[in-house]
Amino acid sequence: QVQLLESGGGFVQAGGSLRLSCAVSGRYTMGWFRQAPGKEREGVAAITWSGGSTNYAESVKGRFTISRDNARDTVYLQMNSLKPEDTAVYYCAADRHLGSALLRSDPYDYWGQGTQVTVSS
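Overview of the structure.

Rules used in this analysis
Residues numbered from 1 in each chain as written. Predicted model: local features only at pLDDT ≥ 70, side-chain atom pairs only at ≥ 80, totals over all residues. Heavy atoms only, no water. Core = buried A, V, L, I, M, F, W, Y, C linked by side-chain atoms within 4.5 Å. Buried < 20%, exposed > 50% of the residue type's maximum accessible area, 1.4 Å probe, protein only. Helix = DSSP H or I, 4+ residues; strand = E, 2+ residues; numbered from the N terminus. Phe/Tyr/Trp six-rings, centres within 6.5 Å; stacked < 30°, edge-to-face > 60°. Lys NZ or Arg CZ within 6 Å of the ring centre and 35° of its normal.

1. A few points about the nonpolar core
Among the nonpolar cores identified, the biggest contains 28 residues, and Met30, Trp32, Leu77, Met79 and Tyr90 are the most heavily contacted of them. Elements with a contribution of two residues or more to this core: strand S3 (18–23), strand S4 (29–35), strand S5 (42–47), strand S7 (64–69), strand S8 (74–79), strand S9 (88–95) and strand S11 (115–120). It is S9 that contributes the most residues to this core, four residues altogether. Of all hydrophobic cores here, the second largest spans five residues; its members include Phe33, Ala93, Ala101 and Tyr108.

Quick look at the structure:
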């Protein structure tokens, strides 16, 4: 079993920033997903192994940036200008098939345990 571990979540006021990290070893397309109470899980951002292709949900475009440092086996999600509606548990996911940077959850094979992000007004 490939294990992924998210970190960097926490409590922040609206307009603030957080950076999430995900430790992953191997060649995977990586995605960040989130799930708020009472809502369906949604794709936030995704990146191919090379970093050559990224994809973002419209709700976070221009505010969030996904990146990776394969030498450090780490994927990041930089979150700026946070809004209360960004409050959710954020999950890191890995797709071993190395396809496109998709925001659908079904192609992803491995999932982290999640890290809570809470944004207050």
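2. As for unusual backbone geometry
Phi angles above zero are rare outside glycine, and aspartate 73 is one such case at about 55°. Of note, aspartate 73 is situated in the loop between S7 and S8. At serine 81, a residue that is not glycine, the phi angle is positive and equals roughly 50°. The partly exposed category is assigned to serine 81, whose relative accessible area is 40%.

3. Some points on the packing of aromatic side chains
By convention here, two paired aromatic rings are described through the distance between centres and the angle between planes. Within the structure shown, the criterion is met by four aromatic pairs. Ring centres of tyrosine 28 and tyrosine 110 lie 6.0 Å apart, and the angle between their planes is 80°; this geometry places the pair in the edge-to-face category. On the criterion of sequence distance, the pair formed by tyrosine 28 in the loop between S3 and S4 and tyrosine 110 in strand S10 (residues 110–111) is long-range, its members being 82 residues apart. Under the relative-accessibility criterion, tyrosine 28 is labelled buried at 12%. Among the aromatic residues, ring-to-ring pairing joins Phe33, Tyr108 and Trp111 into one connected group. Over the ring of tryptophan 111 we find arginine 41; its NZ or CZ atom is 4.2 Å from the centre of that ring.

Keep in mind these numbers describe shape, not what the thing actually does.
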